[in-house]
Amino acid sequence: MMNLLRLLGGRTASAPVARERLQILLAHERGLRGQPDLLGLLRAEILAVVSRHVVLDPEKVIVRMDRGKHVSTLEVDIEVPNGFERSIAAAAT
Amino acid sequence: MAKVLVVTSGKGGVGKTTSTAALGAALAQMGEKVVVVDFDVGLRNLDLVLGAERRVVFDLINVVQGVAKLSQALIRDKRLDNLWLLPASQTRDKDALTDEGVRSVIADLRTKFDWILCDSPAGIERGATLAMRYADEAVIVTNPEVSSVRDSDRIIGMLDSKTVKAERGERVEKHVLITRYDSARAARGEMLSIEDILEILATPLLGIIPESQDVLRASNVGSPVTLNNAASAPARAYVDAARRLLGEAVTMTVPVERKGLMNRLLGRRAA
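## Section: the overall build of chain B
Piece 1. The secondary structure content of chain B amounts to 14 helices and 8 strands.
Piece 2. With the principal axes as the frame, chain B shows a C-alpha extent of 60 × 40 × 35 Å.
Piece 3. Relative to its full complement of 271 residues, chain B shows a buried share of 55%.
Piece 4. Expressed as a percentage of contacts within chain B between residues at least 6 apart in sequence, the contacts between residues at least 24 apart total 73%.
Piece 5. Summed over its atoms, the accessible surface of chain B is roughly 11,800 Å², and 49% of this surface lies on carbon and sulfur atoms.
Piece 6. The distance from the centre of the 37 positive side-chain charges to the centre of the 35 negative ones in chain B is 4 Å.

Structural data, given as structure tokens:
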């Protein structure tokens, strides 16, 4: 379509491209804005649950989300200090 | 009843300060008692655009911190009796602004003025959020250009969530003001059209300010464009926008430059 316009009219009208790019981008960004920091919320709750059983450094809890075309993944990376087994054993008793 | 109006945009350089000065002066010319407040702490410029840069003694931060009284910091315009400026501090940083301090200054200004126009800094940080915090209305200054429209959309989202009105479940009345508009380029499809911008932002239009040399000329001499050259296209566009703020129904047009006879004969742009 763009090429056809270029052939017909010399200079291409770029405003329709701007409009389309904005519409797609803003639809995406508005979607993200709707959920007030979902990752922050997940991180805080996961930290609270795990902290009940293991002493954690809050800085070492990383929650990451990847949005794919078909599936999205949620990755939770928690660094546990040494002595973890002992805490588990203590919690079990 | 006093109205607090924030002039905001997210993006820098789109014409917030120019528009604050022009709308403030236009409202004052119509008999409203107006104060324009500069929230750009550390990078103040509203004083310069209004030609009051050498008259600043105390500023917003001094008032917030109780160092000066509000009446000591307010500067009365030399041309318009009912236009006042509350300048920002040039030396302090934006962290000197506190929510409580801003709340109390705005409450005080509400008792003294019809219109309180808050000139927001660019960005979405503290200065910008505090400038919009107590607003009843908002003018979102937007250029017909992708990055400006995107940032306006973000700011509209903030006006709907981070203001006191929004938190109370009320709505800040929002208006889009399109600046630096070039009808000819838009007609050729080289620039986003008014319809495109309004459809994307889904916010009513306050006015269309055409791209014009008169805007720079006015800021060069420290005079709002509505005062400096009242017959110019941008001045007429700002006056129309101010009348709409006052609730008048004014037909939406893009004012064009009026060419003088000699200029027309010589094919020059009006200088």
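## Let's talk about the interface of chain A and chain B
Piece 1. Taken together, the 14 residues of chain A in the interface contact 15 residues of chain B.
Piece 2. Buried area between chain A and chain B, both sides added, is near 1,300 Å², and the carbon and sulfur share of it is 52%.
Piece 3. One can count 4 salt bridges joining chain A with chain B.
Piece 4. Glu29 of chain A is the partner of Arg150 of chain B in a salt bridge, and the nearest nitrogen-oxygen pair spans 2.5 Å.
Piece 5. Of the residues contributing to the side of chain A that touches chain B, the split by class is 7 nonpolar, 2 polar and 5 charged.

## Description of the packing of aromatic side chains
Piece 1. Under the criterion given, the structure shown has 1 aromatic pair over all chains.
Piece 2. The side chain of Lys33 of chain B reaches across the aromatic face of Phe113 of chain B, ending 5.0 Å from its centre.

## Details of the pairing of strand β1 (residues 61–67) of chain A
Walk down a regular strand and you will see the side chains alternate between the two sheet faces.
Residues and elements named next belong to chain A.
Piece 1. Both β1 and strand β2 (residues 72–78) contribute to a ladder of 7 bridges, which runs antiparallel. Residue pairing for β2: Asp66 is matched across the bridge by Thr73.
Piece 2. Count of turn residues in the β1/β2 antiparallel hairpin: 4 residues.

## Quick look at the environment of Gly123 of chain B
All names here are of chain B.
Piece 1. Assignment of secondary structure puts Gly123 in the loop between β5 (115–119) and α6 (126–133).
Piece 2. When the C-alpha atoms of Gly123 and Gly10 are compared, they prove to be 4.8 Å apart, with 113 residues separating the residues in sequence.
Piece 3. Discounting chain neighbours no more than four positions away, the residues touching Gly123 are Gly10, Ala128 and Ile155.

## Here we look at the pattern of salt bridges
Piece 1. Scanning the model with the defined rule gives 23 salt bridges over all chains in all.
Piece 2. Its salt-bridge partner being Glu170 of chain B, residue Lys165 of chain B comes within 3.9 Å of it at the nearest N-O pair.
Piece 3. Within this structure, Arg19 of chain A together with Asp196 and Glu199 of chain B form a network of salt bridges that share partners.

## Some points on the side chain of Ser232 of chain B
Piece 1. Within the secondary structure layout, Ser232 of chain B lies in the loop between α12 (225–228) and α13 (233–245).
Piece 2. Other than its neighbours up to four places away in sequence, Ser232 of chain B contacts Asp214 and Val225 of chain B.

## Notes on the nonpolar core
Residue and element names in this part refer to chain B.
Piece 1. Counting residues in hydrophobic clusters, the biggest one holds 55 residues, and the most contacted among them are Val35, Phe39, Leu86, Leu97, Leu109 and Ile116.
Piece 2. Each residue touching Leu97, except ones within four places of it in the same chain, is listed here: Phe39, Val41, Leu60, Ile61, Val64, Val102, Arg126 and Leu130.
Piece 3. Counting 35 residues, the second-largest nonpolar core is a separate cluster that includes Val7, Leu50, Leu85 and Trp115.

## Concerning the sheet that holds strand β7 (residues 173–181) of chain B
All names here are of chain B.
Piece 1. Sheet architecture is open: 8 strands sit in the order β3-β4-β2-β5-β1-β6-β7-β8, paired in mixed fashion. Across the chains shown, the open sheet's two edge strands, defined by having one partner strand only, are β3 (75–76) and β8 (205–210).
Piece 2. Here strand β1 (residues 3–8) runs beside strand β6 (residues 137–142); their pairing, made up of 4 bridges, is parallel. Across the sheet, Val7 pairs through a bridge with Val139, a residue of β6.

## Topic: the side chain of Thr226 of chain B
Residues and elements named next belong to chain B.
Piece 1. Looking at the element boundaries, Thr226 is found in helix α12.
Piece 2. Within the structure, Thr226 has its side chain in polar contact with the backbone oxygen of Ala22 (distance 3.5 Å).
Piece 3. Setting aside residues no more than four positions away along its own chain, Thr226 makes contact with Ala22, Ala25, Ala26, Gln29, Ala235, Tyr238 and Val239.

## Observations concerning helix α1 (residues 16–29) of chain B
Residue and element names in this part refer to chain B.
Piece 1. The end-to-end C-alpha distance of α1 is 20 Å, a good match for the 20 Å that 14 residues give at a rise of 1.5 Å each.
Piece 2. Burial in α1 covers these residues: Lys16, Ser19, Thr20, Ala21, Ala22, Leu23, Gly24, Ala25, Ala26, Leu27 and Ala28.
Piece 3. Phi turns positive, to about 95 degrees, at Gly31, one or two residues after α1.

## Brief notes about the confidence of the model for chain A
Piece 1. Looking at chain A, the pLDDT average stands at 77 and 73% of residues meet or exceed 70.
Piece 2. Taken element by element, chain A is modelled with least confidence in helix α1 (residues 2–9) of chain A, mean pLDDT 52, and with most confidence in helix α2 (residues 15–34) of chain A, mean pLDDT 87.

## Details of the environment of Ile155 of chain B
Residue and element names in this part refer to chain B.
Piece 1. For Ile155, the position within the fold is in helix α7 (residues 146–159).
Piece 2. Residue Ile155 is classed as buried on the basis of its relative accessible area of 0%.
Piece 3. The contacts of Ile155, once residues within four sequence positions are left out, are Thr8, Ser9, Gly10, Gly123, Ile124 and Met132.

Conventions and cut-offs
- Residues numbered from 1 in each chain as written.
- Chains lettered and ligands numbered in written order.
- Predicted model: local features only at pLDDT ≥ 70, side-chain atom pairs only at ≥ 80, totals over all residues.
- Heavy atoms only, no water.
- Helix = DSSP H or I, 4+ residues; strand = E, 2+ residues; numbered from the N terminus.
- Buried < 20%, exposed > 50% of the residue type's maximum accessible area, 1.4 Å probe, protein only.
- Contact = heavy atoms within 4.5 Å.
- Areas by Shrake-Rupley, 256 points an atom, 1.4 Å probe, with all protein chains shown as cover.
- Lys, Arg positive; Asp, Glu negative; His and termini not counted.
- Charge placed at Lys NZ, Arg CZ, Asp CG, Glu CD.
- Buried area = accessible area lost by both parts, 1.4 Å probe.
- Salt bridge = Lys/Arg side-chain N within 4 Å of Asp/Glu carboxyl O.
- Nonpolar A, V, L, I, M, F, W, Y, C, P; charged D, E, K, R; others polar.
- Phe/Tyr/Trp six-rings, centres within 6.5 Å; stacked < 30°, edge-to-face > 60°.
- Lys NZ or Arg CZ within 6 Å of the ring centre and 35° of its normal.
- Pairing = 2+ DSSP bridges.
- Core = buried A, V, L, I, M, F, W, Y, C linked by side-chain atoms within 4.5 Å.
- Polar contact = N/O pair within 3.5 Å; in protein donor to acceptor, adjacent residues only side chain to side chain.
- Expected span 1.5 Å × (residues − 1).
- pLDDT = per-residue confidence, 0-100.

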